[in-house]
Amino acid sequence: MVGYVRKFIYFLFALCVMGIVIRPIFAFSGGPPLFHTGSPDDGYVTCNVAGCHNSFNLNSGTATFSISAPSNYTLGGVVSLTVSFNNSNTPKHGFQLSALDANYNHVGSLSPVDNKTQAQTVDNRYISHTLGGTDEASWTVQW
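Let me begin by describing the structure that accompanies this report.

1. Considerations on the sheet that holds strand E4 (residues 111-112)
Read across the sheet, four strands follow the order E1-E2-E7-E4 without closing on themselves; strand pairing throughout is antiparallel. Both edges of this open sheet fall to strand E1 (64-68) and E4, since each of them pairs with a single strand only. Note: strand E2 (residues 80-86) against strand E7 (residues 138-142), five bridges, orientation antiparallel. Residue pairing for E7: Ser84 is matched across the bridge by Ser138.

2. What about the environment of Cys47?
Its place among the elements puts Cys47 in helix H2 (residues 47-50). The class for Cys47 is buried, based on a relative accessible area of 10%. Distance from Cys47 to Gln96, taken between C-alpha atoms, is 8.9 Å for residues 49 residues apart in sequence.

3. Thoughts on the layout of surface pockets
Taken as a whole, the second largest pocket holds about 170 Å³ of empty space. Considering the residues around the second largest pocket, the lining is formed by Tyr73, Thr74, Leu75, Gly76, Gly77, Val79, Gly108, Ser109 and Trp143. Counted by class, the lining of the second largest pocket contains four nonpolar, five polar and no charged residues.

4. Quick notes on the pattern of salt bridges
Tallied over the full model, the rule gives three salt bridges. A salt bridge links Glu136 to Lys116; the shortest N-O distance between them is 3.9 Å. Of this pair, Glu136 sits in the loop between strand E6 (127-129) and E7 while Lys116 sits in the loop between E4 and strand E5 (117-119), placing them 20 residues apart in sequence. Given the relative accessible area of 25%, Lys116 is considered partly exposed. Of the charged contacts, one joins Arg125 and Asp123 as a salt bridge, the two residues approaching to 3.0 Å between their closest N and O atoms. Residue Arg125 is classed as partly exposed on the basis of its relative accessible area of 38%.

Rules and cut-offs
Residues numbered from 1 in each chain as written. Predicted model: local features only at pLDDT ≥ 70, side-chain atom pairs only at ≥ 80, totals over all residues. Heavy atoms only, no water. Pairing = 2+ DSSP bridges. Helix = DSSP H or I, 4+ residues; strand = E, 2+ residues; numbered from the N terminus. Buried < 20%, exposed > 50% of the residue type's maximum accessible area, 1.4 Å probe, protein only. 1 Å grid on protein atoms, 1.4 Å probe; cavity = no way out; pocket = protein on both sides within 12 Å on 5 of 7 lines; lining within 4 Å. Points joined across faces, edges and corners; volume = space filled by probe spheres on them. Nonpolar A, V, L, I, M, F, W, Y, C, P; charged D, E, K, R; others polar. Salt bridge = Lys/Arg side-chain N within 4 Å of Asp/Glu carboxyl O.

In structure tokens, the structure reads:
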């Protein structure tokens, strides 16, 4: 009986060590924690603060980040936005996005168009990459 207890304790210890080691390796690759867009509404907090970027600092690559939208749209209509990193020298990418007006109020909702992005709140005020989306350098979302 004592042998089984000792093995169980070793097993629990191993699980704890694995949890401590594995969490930083994968960090938030499945999507950043909420409220880390760097916007005034989020207190200018970014993923760099939350430890999302364990291997590289936020914005440390050579890529040019952009958000593109059509030049014309219908008020109240759906707008497709493209979030992208151009001329990138890194294999992984990610983003979190929210739409704010001039008074920092959330406007509209953001929706994924494929499995590379995900809405992060019930009211779709935030959207981000998914785990599979980190292999991409460009995403399309609807606002």
